[in-house]
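Listed below are the residues making up each chain.
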Amino acid sequence: MDAGKILSAVSKVELFGGLSRKELEMVAGRMEPRACAAGEVLFRENNPREALFVIAEGRVELYKTDVYGSRRTVASFGPGDFLGEGSWEEGSLHSTTAVAATPGEVLRLDRGFFTLDAAASLKILSNIMRVISRRMRNANALMISSAAQYESGRTRREHDLLGDRLVPAEAYYGVQTMRGMENFNISGVTLSFFPALIESLAMVKKAAALANRDLGLLEPGVAGAIITACDEVIQGKLHNQFTVDMIQGGAGTSANMNANEVIANRALELLGREKGDYAACHPNNHVNLSQSTNDAYPTAVKIALIRSGARLEEELEALIKSFEAKAAEFSRVIKMGRTQLQDAVPMTLGQEFGAYAATLREETERLRQNARLFLEVNMGATAIGTGINSDPDYPPKVIAHLREAAGLPIVNSPDLVEATQDTGSFVMYSAAVKRLAVKLSKISSDLRLLSSGPRAGINEINLPPMQPGSSIMPGKVNPVIPEVMNQISFKVIGNDLTVTLAAEAGQLELNVMEPVIVYSLFESIEMLRNGMATLRRRCVDGITANEERCLALVRGSIGLVTALNPLLGYDACSSVAKEALETGASVYDLVLSRGLMSKEELDNALAPENMIAPRKMPARKR
């Protein structure tokens, strides 16, 4: 590369913006051109930063290596991008490895340049700080996007109602997404945390593009690019570009525009255009054609909840099977049942665990029943349900395409005005999720009680030891897995209240509180799914029974007298129970000493199989 081309390339790099012609010539004169073959390494992770690189041709990828030696690509850069800007700081190390993804050419600027000209170096450092500041805008209340630190220095100018903004050149999102990121730095949880929601947004956009193409409203080439971009998102690509917070004002407009912009910019690439060249494919005019946030967003949410709910049901089924397996394993372990935390009557540990399986199995149908409410959507409603700015033939066409894209028997509401403001299906499903959480919490509390001790508690079962339980009490092991399931359940119960209040807060033709409803539901589903998997794998599957302890508690319990009630009568049994309680004598010994039954009769009455199920009662003497 000759000097003129180097100078031309350097002058287009943001890092050298603001430099005078003389300073640019000085920088270009110090640049060392270097041809790179595909796979060639420019610098390695944890090696000293010795130079700054400007990409003139080809593409360069950055990757990090984990402790097991596996590579994870974190960014891909092209012509005009720069790498290694931290080389100005003596002794700093590269945090990634840079490798040429394609044959190309880079310009290398040795770190020694920064000692040559103070004025030029200060301008370059100022630009570096501005780039770092822009990368840091992706910071939120809890974390910094791991990809943010690898944004290039290049930008593109975009325009919206409020004016012009610079958007990172490699970003697929646009100006309206940027405003959403800046305005709603709330929960630290972005759309990218919930892939099902992103994929469902893409399904809605794909169905709309197909319907608009069928109606002649969208040119086939543009429609095809949008559809391909949507398919890529559905397949899991570009999810890191969905950067707005789950909790946002505007009834989900920022989420909808995030999808519109990402899909539009990817479609532009497929059309051979630059990102931001919206004359060819516009986020609003093309991707959002015949839609409003008020029909596209809730429709996508409903599809995503059906899909996420199915995964929740799968994990619930796995937990049920674990409890059923334990019920079979413990089917002959006799123990005392309890009511009001007091001795009641004998049962088997298998019956106890079988009851847990049965009560959870009831929830699978409740979840499915309420999820079916999400099959009714409001596509074609646009702003408030009147269908303004959409073709009269659009609703049936978009529903047909959406059915195919989502693989679900979706139908349109018979009253789109009502459907646009109604959030009843979210309330119903949240209630079903809460009901499951309540049962899981009750079961977890039972497991903690049954395993309490080990010497001074009930100690009928052993939970798998997961970690030391105290920083001060040696040997203590706590029931940490049921404890975390309790806490997850409390959060889900609280989320249900949030959904209820947000649903009630809807006004007139729209409920603007849908984002917090959506976030609460997805968080509850995700936490419950993870919690059930943890409970199953790290607790239930490893539970063992203390059979001798269970039997000893049965033999020493006054509750045994209940089994004799049909044979001796309530008054006689009450007398035996009272004396046993006062003297500490066993029920068994007192019945024999009083001559109320022979040993053979007593042993038969107290045989385990006679105490854990109904049996024929002897006729009472008149």
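Going by the structure above, here's the rest.
Residues numbered from 1 in each chain as written. Predicted model: local features only at pLDDT ≥ 70, side-chain atom pairs only at ≥ 80, totals over all residues. Heavy atoms only, no water.

**Quick look at the nonpolar core**
Here is the rule: Throughout, nonpolar core names a set of buried Ala, Val, Leu, Ile, Met, Phe, Trp, Tyr and Cys residues whose side chains join them through atoms within 4.5 Å. For the exposure calls, accessible area comes from a 1.4 Å probe over protein chains only, and a residue counts as buried if that area is under 20% of its type's maximum, exposed if over 50%, partly exposed in between. For helices the rule is a DSSP run of H or I covering at least 4 residues; for strands it is a run of E covering at least 2, with both sets numbered from the N terminus onward. Whether two residues are in contact is decided by their heavy atoms: any pair within 4.5 Å suffices.
Residues Leu197, Ile226, Phe353, Leu447 and Leu528 are the most contacted members of the largest nonpolar core, which totals 113 residues. Residue contributions to this core peak at 14 residues, all from helix H9 (residues 293–329). In this structure Leu197 touches Leu191, Met246, Ala300, Val301, Ala304, Val518 and Phe522, once residues within four positions along its chain are discounted. If you look at the next biggest cluster of nonpolar residues, it comprises 21 residues, including Val13, Ala28, Leu107 and Ile128.

**Quick word on the pattern of salt bridges**
Rules: Criterion for a salt bridge: a side-chain nitrogen of Lys or Arg within 4 Å of a carboxyl oxygen of Asp or Glu.
According to the stated counting rule, one finds 33 salt bridges in the structure shown. When the shortest N-O distance is used, the salt bridge between Glu40 and Arg34 registers 3.2 Å. Assessed through its relative accessible area of 28%, Glu40 is described here as partly exposed. The partly exposed category is assigned to Arg34, whose relative accessible area is 22%. Salt-bridge contacts for Arg213 lead to Asp214; the nearest nitrogen and oxygen are separated by 3.2 Å. Take Asp214: its relative accessible area is 37%, and that puts it in the partly exposed class. Shared partners join several salt bridges into a network, and the residues in it are Glu232, Arg266, Glu269 and Lys275.

**Things to note about the sheet that holds strand S8 (residues 104–110)**
Our working rule: Pairing between strands requires that DSSP locate at least two bridges from one strand to the other.
If you walk across this open sheet you meet the four strands as S1-S8-S3-S6, and the pairing is antiparallel. The open sheet is flanked by strand S1 (32–36) and strand S6 (82–83), the only strands paired with a single partner.

**Observations regarding a negative patch on the surface**
Our working definition: Here a patch means residues that are over 30% exposed by relative accessible area and free of salt bridges, tied together within 9 Å if like-charged and within 5 Å if nonpolar (Val, Leu, Ile, Met, Phe, Trp, Tyr). Computed with a 1.4 Å probe, the accessible areas rest on the Shrake-Rupley method; for each residue, only the protein chains presented here act as cover. Residues counted as positive are Lys and Arg, residues counted as negative are Asp and Glu, and His and the chain ends are not counted. Working definition for charges: the position is that of NZ of Lys, CZ of Arg, CG of Asp or CD of Glu.
On the surface, Glu376, Asp415, Glu418 and Asp422 cluster together to form a negatively charged patch. Relative to the elements of secondary structure, Asp422 occurs in the loop between helix H12 (416–421) and helix H13 (424–450).

**Some points on the sheet that holds strand S4 (residues 60–65)**
The condition is simple: Every axis corresponds to a line fitted to the C-alpha atoms, with the helix fit spanning only the stretch in contact, and the corresponding angles, defined between N-to-C directions, vary from 0 to 180 degrees.
Reading across from one edge, S2-S7-S4-S5 is the order of the four strands in this open sheet, with antiparallel pairing throughout. This sheet does not close on itself; its edge strands, each paired only once, are strand S2 (41–43) and strand S5 (71–77). The average angle at which neighbouring strand axes cross in this sheet is 30°, direction not considered. Direction of pairing for S4 relative to S5: antiparallel, over a ladder of six bridges. In the sheet register, Thr65 faces S5, and the bridge partner there is Arg71.

**Quick look at the side chain of Ser187**
Rule in force here: Counted as a polar contact is a pair of N or O atoms within 3.5 Å, where, for protein atoms, one must be capable of donating a hydrogen and the other of accepting one, and residues adjacent in sequence contribute only when both atoms are in side chains.
Along the polypeptide, Ser187 turns up in the loop between helix H4 (175–183) and helix H5 (195–214). Classification of Ser187 by relative accessible area gives buried; the value is 14%. Polar side-chain contacts of Ser187 include one of 3.0 Å to the backbone nitrogen of Val189. Among the polar contacts made by the side chain of Ser187, one reaches the side chain of Asp245 at a distance of 2.7 Å.

**Details of the packing of aromatic side chains**
Using the following cut-off: Ring geometry is summarised as follows: Phe, Tyr and Trp rings, the Trp one being its six-membered ring, pair when their centres sit within 6.5 Å, and such pairs are stacked at plane angles under 30 degrees, edge-to-face over 60 and tilted between the two. In this scheme, Lys NZ or Arg CZ marks a charge over a ring once it lies within 6 Å of the ring centre and within 35 degrees of the ring normal.
Within the structure shown, the criterion is met by nine aromatic pairs. Measuring from ring centre to ring centre gives 6.0 Å for Phe323 and Phe353, while their planes differ by 45°; the resulting arrangement is tilted. Residue Phe323 is found in helix H9, and its partner Phe353 is found in helix H10 (residues 349–371); the two are separated by 30 residues along the sequence. Per residue, the accessibility class of Phe323 equals that of Phe353, and both read buried. Aromatic pair Phe330 and Phe353: ring centres 5.4 Å apart, planes at 75°, arrangement edge-to-face. You can see Phe330 sitting in the loop between H9 and strand S11 (334–339) and its partner Phe353 sitting in helix H10, a full 23 residues away along the chain. For Phe353, a relative accessible area of 0% gives the class buried. Members of the aromatic cluster, connected to one another through ring pairs, are Phe323, Phe330, Phe353 and Tyr356. In this structure, Lys275 is placed above the aromatic ring of Tyr172, and the distance from its NZ or CZ to the ring centre is 4.5 Å.

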